[in-house]
Amino acid sequence: MEKYIYKYLPVGIVGIALIFQYNLFVTPEKLEVKHREILGDIAQTYSTKEQYNDLKGQLNAMQAKIDKIYEVIMEGGKK
């Protein structure tokens, strides 16, 4: 049994060294930092539903004002 342990011990050490060298396992601290970076990128790239609804409301209000101006102009031409 011991000869198998000594035979495969260098392979295990190399495997463990590669795991640490290439950061195959992530610590919770690193994961939290990456999570914050992703949230920052998303906030810069995409809008929230509230922002979308506000913009939609503003566009609807502008469209209503444009429609009123159009109606006034069209009625003025008929007189």
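Residues numbered from 1 in each chain as written. Predicted model: local features only at pLDDT ≥ 70, side-chain atom pairs only at ≥ 80, totals over all residues. Heavy atoms only, no water.

*Asks:* How should I be thinking about the overall build of the protein in this particular structure?
*Replies:* What the protein contains, in helices and strands, is 3 helices and 0 strands. The helix and strand sequence of the protein, counted from the amino end, reads α-α-α. Taken against the 2.2 N^0.38 rule, which gives 12 Å for 79 residues, the C-alpha radius of gyration of the protein at 32 Å runs more than 25% over that of a compact globule. Taking the principal axes of the C-alpha coordinates as reference, the protein spans close to 105 × 20 × 20 Å. When the accessible surface of the protein is summed, it comes to about 8000 Å², and 65% of that surface belongs to carbon and sulfur atoms. Looking at charge distribution, the protein has the averaged site of its 11 positive side-chain charges lying 4 Å from that of its 10 negative ones. (Helix = DSSP H or I, 4+ residues; strand = E, 2+ residues; numbered from the N terminus. Rg over C-alpha atoms; globule rule 2.2 N^0.38 Å. Areas by Shrake-Rupley, 256 points an atom, 1.4 Å probe, with all protein chains shown as cover. Lys, Arg positive; Asp, Glu negative; His and termini not counted. Charge placed at Lys NZ, Arg CZ, Asp CG, Glu CD.)

*Asks:* When you look at helix H1 (residues 2-21) in this model, what are you seeing that I'm missing?
*Replies:* Because each turn of an α-helix spans 3.6 residues, side chains separated by three or four positions in sequence point in the same direction. Over its 20 residues, H1 extends 28 Å from the first C-alpha to the last, a length consistent with the 28 Å expected when each residue adds 1.5 Å. For H1, the principal kink sits at Tyr-8 and spans about 40 degrees; a proline, Pro-10, occurs within the next four residues. Immediately beyond the C-terminal end of H1, within one or two residues, lies Asn-23, with a positive phi of roughly 50 degrees. (Expected span 1.5 Å × (residues − 1). Bend = angle between axes of the 7 residues up to and from the residue.)

*Asks:* Please clarify how the environment of Leu-39 should be interpreted in this entry.
*Replies:* By the secondary structure assignment, Leu-39 is in helix H2 (residues 28-45). Considering only alpha carbons, one finds Leu-39 and Lys-3, 36 residues apart in sequence, at a separation of 51 Å.

*Asks:* How do you make sense of the pattern of salt bridges when you look at a structure like this?
*Replies:* For side chains of opposite charge, pairing can occur when their charged atoms come near one another. Summed over all chains, the structure comprises 2 salt bridges. Across the salt bridge formed by Glu-32 and Arg-36, the nearest N and O atoms sit 3.0 Å from each other. Of this pair, Glu-32 and Arg-36 both sit in helix H2, 4 residues apart, which is roughly one turn of that helix. Taking the relative accessible area as the measure of exposure, Glu-32 reaches 38% and is therefore partly exposed. (Salt bridge = Lys/Arg side-chain N within 4 Å of Asp/Glu carboxyl O. Buried < 20%, exposed > 50% of the residue type's maximum accessible area, 1.4 Å probe, protein only.)

*Asks:* Could you clarify how one ought to interpret the packing of aromatic side chains in this entry?
*Replies:* Aromatic ring pairs are defined here through the distance separating the ring centres and the angle between the ring planes. Evaluation of the coordinates by the stated rule reveals 0 aromatic pairs. For the cation-ring pair, Lys-3 lies above Tyr-4, with the distance from its terminal atom to the ring centre recorded as 5.7 Å. (Phe/Tyr/Trp six-rings, centres within 6.5 Å; stacked < 30°, edge-to-face > 60°. Lys NZ or Arg CZ within 6 Å of the ring centre and 35° of its normal.)

*Asks:* Mind showing me how you'd approach a nonpolar patch on the surface here?
*Replies:* Taken together, the side chains of Met-1, Ile-5, Tyr-6, Leu-9 and Ile-13 define a hydrophobic patch exposed on the protein surface, amounting to about 590 Å² of accessible area. With respect to the helices and strands, Tyr-6 occurs in helix H1. In this structure Tyr-6 comes out as exposed when scored by relative accessible area, which is 57%. (Patch = residues over 30% accessible without salt bridge, like charges linked within 9 Å, V, L, I, M, F, W, Y side chains within 5 Å.)

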